[in-house]
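Residue-level structure breakdown
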Amino acid sequence: MRDLMLAFRAGGGFGLGLAFFLIVTVLVPFGVGPQTDLLSRIAPGILWIGALLACLLSLDRILALDWEDGSLDLLATAPLPMESIVTIKALAHWITTGLPLVLAAPVLGVLLNLPGPAYQWVLISLAVGTPALSVIGTFGAALTVGLKRGGLLMSLLVLPLYVPTLIFGAEVARRGADGLSVQTPLMLLAGISFGVIALLPFASAAVLKINLR
Amino acid sequence: MSLWEYANPVKFISTTDKVLPWIWVLAAGCLATGLIWGFFFTPDDFRMGSTVKIIYIHVPSALMAINAWLMMLVASLIWIVRRHHVSALAARAAAPVGAVMTVIALVTGAFWGQPMWGTWWEWDPRLTSFLILFLFYLGYIALWEAIENDDTAADLTSILCLVGSVFAILSRYAVNFWNQGLHQGATFSLDREENISDVFWYPAVISMLGFALLFVALVFLRTQTEIRARRTRALLAREGQA
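Counting starts from 1 at the beginning of each chain's written sequence and moves along it residue by residue. Think of it this way: whatever chain is written first is A, whatever ligand is written first is 1, and the rest follow in order. Two thresholds apply to this predicted model, a pLDDT of at least 70 for residue-level local features and 80 or more for giving and counting side-chain atom pairs, whereas whole-chain, interface and lining totals are computed over all residues. Hydrogens and water are ignored here; the side-chain numbers use all heavy atoms of the structure.

For chain A, the count of helices and strands is nine helices and zero strands. Strands are runs of DSSP state E lasting at least two residues, helices are runs of H or I lasting at least four, and both sets are numbered from the N terminus onward. The helix and strand sequence of chain A, counted from the amino end, reads α-α-α-α-α-α-α-α-α. Since a compact globule built from 213 residues should have a radius of gyration of about 17 Å, the 18 Å found for chain A is in line with a globular shape. Referenced to the eigenvectors of the C-alpha coordinate spread, the extents of chain A come out at roughly 55 × 35 × 30 Å. The buried label applies to any residue whose accessible area, calculated with a 1.4 Å probe on protein chains only, is under 20% of its type's maximum; exposed applies above 50%, and partly exposed to all values in between. Burial statistics for chain A: of 213 residues in total, 51% are counted as buried. Any two residues whose heavy atoms approach within 4.5 Å are treated as being in contact. Across chain A, every contact between residues at least 6 apart in sequence was considered, and the portion connecting residues at least 24 apart equals 80%. The charged-residue count follows a simple rule in which Lys and Arg add positive charge and Asp and Glu add negative charge, with His and chain termini not counted at all. Here the site of a charge means atom NZ of a Lys, CZ of an Arg, CG of an Asp or CD of a Glu. Distance from the positive charge centre (11 side chains) to the negative charge centre (10 side chains) of chain A: 4 Å. Note that the radius of gyration is over C-alpha atoms, with the globule rule given as 2.2 Å times the number of residues to the power 0.38.

Below is the structure:
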């Protein structure tokens, strides 16, 4: 079932998030000017925001397609509990969107003149933080799945929920860039990720059940 | 006699109809007393001058902005557990009021901050978390508006309210961490019992009471309106069938 969904997903929009991430990072120097010292200072934050937006952009794909062709109803009647369906959906989203973003971030870091020690911390913080983005995003997607113009509303709902993850993730990257200790924010970021993975699928499943009613 | 009797819309409307005028009068009285006392009959602060007087609007509205969300949280829980429609409607009714309170707190804070800190906006933990709270209100209201089926909307928004509360608290601490880690916060600690003398304290308390009563009155009124609007819609639907 997991493979099925991955194959299903690989067809469309696999590279779209990545391309969006690239565009955002390319646009930033146009916006703030090409001074390398300024760019290298804001690079960790830009990479995080770019990854977050790319993630957001692909959220409505998590459930909308399955909703439209009715396979979500089929999944709901399957013996699997809704919680695990939602978790697997989030996992599929992370593998198709989060993981490529994590891997692409160091490459894009070159464009932004990311300082040397920051590379590993951007990579690590994104690797730890993006699962949380996927799981929270699945909650948002489940909330708005039945709506016709759900995309914009979903952004409004999901973005405030992303705040803590973004704060700690960017903090890890920034401290890493400055050569400071990253232990505290990294542990808090991991705490958010694990907590969200453990608890939020219940809320997403409840919401999805209401929407399928 | 129990609290749950008010879950009956008829009972709710008849009771609140009786109580509402008194709450309005009390709220207006408290607000007038607190604000007039605060504005005209308290001395200027020796450091902040007359700008300190905005506190009589700023602090109560900030207080109610948070309490409104708490009230929505409780009402959402009641809706999830006991499925009383009045509770869901009260949560819906409270959201715009809370959002407006948040805006008032932010705007008066900006007016106060401009002469005091020399800036309209500072990425201070408190300011930032209030802005995030405002975003939560916006999302909550938007979700209510977007969904047509009333019960579905009530279910979804109440779950959003629960999840949002957890994340709002998380954000509050995350923001705290974020700013202290970077640059010094524009520290603004107002520990009432110690920092403020009774001269400022009494009008501030009366004004807070006034804001709380105003909030209760508005929520009652808006809940009544929601109940009546829903009843009208039900009647119209029945007409349409017949």
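Turning next to the overall build of chain B. Counting its regular elements, chain B contains seven helices and zero strands. What you see in chain B, going N to C, is helices and strands ordered as α-α-α-α-α-α-α. Looking at chain B as a whole, 46% of its 242 residues qualify as buried. Partitioning the intrachain contacts of chain B with sequence separation of at least 6 by distance along the chain shows that 78% fall at a separation of at least 24. For every accessible area listed, the method is Shrake-Rupley and the probe measures 1.4 Å; residues are considered covered only by the protein chains on display. Of the roughly 12400 Å² of accessible surface on chain B, a fraction of 68% belongs to carbon and sulfur atoms.

This part covers the environment of Gly137(A). Residues and elements named next belong to chain A. Tracing the sequence through the fold places Gly137 in helix α7 (residues 118-143). Overall, the relative accessible area of 0% leaves Gly137 in the buried class. Separated by 109 residues in the primary sequence, Gly137 and Val28 place their C-alpha atoms 24 Å from one another. Discounting chain neighbours no more than four positions away, the residues touching Gly137 are Leu59, Ile62 and Tyr162.

All names here are of chain A. In this structure's numbering, the residues bearing the UniProt feature "transmembrane region" (unreviewed entry) are residues 12-32, 38-59, 91-112, 118-145, 152-173 and 185-208. Along residues 152-173, the helical share is 100% and the strand share 0%, with 29 Å between the first and last C-alpha atoms. The distance separating the terminal C-alpha atoms of residues 185-208 is 32 Å; by composition the span is 100% helix and 0% strand. UniProt positions are given in the numbering used here, feature names are shortened, and annotations may be inferred rather than shown by experiment.

Each partner contributes to the interface: chain B provides 27 residues, whereas chain A provides 28 residues. Joining two parts hides part of their accessible area as seen by a 1.4 Å probe, and the buried area is that hidden amount summed over both. Summing both partners gives a buried area of about 2300 Å² for chain B against chain A, and 83% of it is carried by carbon and sulfur. Counting the surface chain B buries against chain A, the share from its top three residues, Leu156(B), Phe167(B) and Phe177(B), is 26%. Just to be clear on terms, a salt bridge is a Lys or Arg side-chain nitrogen sitting within 4 Å of an Asp or Glu carboxyl oxygen. Across the contact surface, chain B and chain A share zero salt bridges. Polar contacts here mean pairs of N or O atoms no more than 3.5 Å apart (in protein, one a potential hydrogen donor and the other a potential acceptor; neighbouring residues in sequence count only if both atoms are side-chain atoms). At the boundary of chain B and chain A, one finds zero residue pairs in polar contact (both at pLDDT 80 or more). Of all the secondary structure elements, the ones that give two or more residues to the side of chain B that touches chain A are α4 (125-146) and α5 (150-182) of chain B. Ranked by residues supplied to the side of chain B that touches chain A, first place goes to α5(B) with 17 residues. For this classification, Asp, Glu, Lys and Arg are treated as charged, while Ala, Val, Leu, Ile, Met, Phe, Trp, Tyr, Cys and Pro are nonpolar and the rest, including Gly, are polar. For the side of chain B that touches chain A, the per-class residue count stands at 20 nonpolar, five polar and two charged.

Residue and element names in this part refer to chain A. Here the structure, examined in full by the defined rule, presents nine salt bridges over all chains. When the shortest N-O distance is used, the salt bridge between Glu171 and Arg174 registers 2.8 Å. Of this pair, Glu171 and Arg174 both sit in helix α8 (residues 150-178), separated by three residues, roughly a single helical turn. For Glu171, a relative accessible area of 2% corresponds to the buried category. Overall, Arg174 belongs to the partly exposed group, its relative accessible area being 23%.

Below, the discussion takes up the side chain of Thr165(A). All names here are of chain A. Its location among the elements puts Thr165 in helix α8. Residue classification places Thr165 among the buried residues on the basis of a relative accessible area of 0%. The contact partners of Thr165, leaving out residues within four places of it in the chain, are Trp48, Gly129, Ala132, Leu133, Ile136, Leu189 and Ile192.

A packed helix pair is summarised by two numbers, namely the angle formed by the two axes and the spacing between the axes. All names here are of chain A. Helix axes use the C-alpha atoms of the stretch in contact, all axes being lines fitted to C-alpha atoms, and the angles between their N-to-C directions lie in the range 0 to 180 degrees. Two elements in contact, helix α3 (residues 36-57) and helix α6 (residues 82-111), have axes whose closest approach is 10 Å; the angle formed by their N-to-C orientations is 155 degrees. Classified by the angle between their axes, α3 and α6 sit roughly antiparallel to one another. Where α3 crosses over α6, the two elements pack in a sense that is right-handed. Touching Leu47, Ala51, Ala54 and Cys55 of α3 are His93, Thr97, Leu101, Ala105, Leu108 and Gly109, all from α6. Considering only residue class, the contact of α3 with α6 consists of seven nonpolar, three polar and no charged. By definition in this entry, angles of less than 35 degrees are roughly parallel, angles greater than 145 are roughly antiparallel, angles of 65 to 115 are roughly perpendicular, and the rest are oblique. Left-handed describes a crossing in which the near helix is turned anticlockwise from the far one by less than a right angle; the clockwise case is right-handed.

Here the focus is the UniProt feature "transmembrane region" (unreviewed entry) in chain B. All names here are of chain B. As annotated by UniProt and renumbered to match this structure, "transmembrane region" (unreviewed entry) occupies residues 21-42, 54-81, 93-112, 127-147, 159-179 and 199-221. Split by type, residues 21-42 is 91% helix and 0% strand. Its first and last C-alpha atoms lie 30 Å apart. As annotated, residues 93-112 has a helix share of 100% and a strand share of 0%, and its two end C-alpha atoms lie 30 Å apart.

Turning next to the confidence of the model for chain B. Residues and elements named next belong to chain B. Confidence in the prediction for chain B averages 81 pLDDT; 86% of positions are at 70 or higher. A residue's pLDDT is simply how confident the predictor is in it, with values from 0 to 100. A low-confidence stretch, residues 181-194 stays under pLDDT 50, and its non-local contacts, those more than four residues away or across chains, total 23 contacts. Scored by ipTM, the complex comes to 0.82, with pTM at 0.84.

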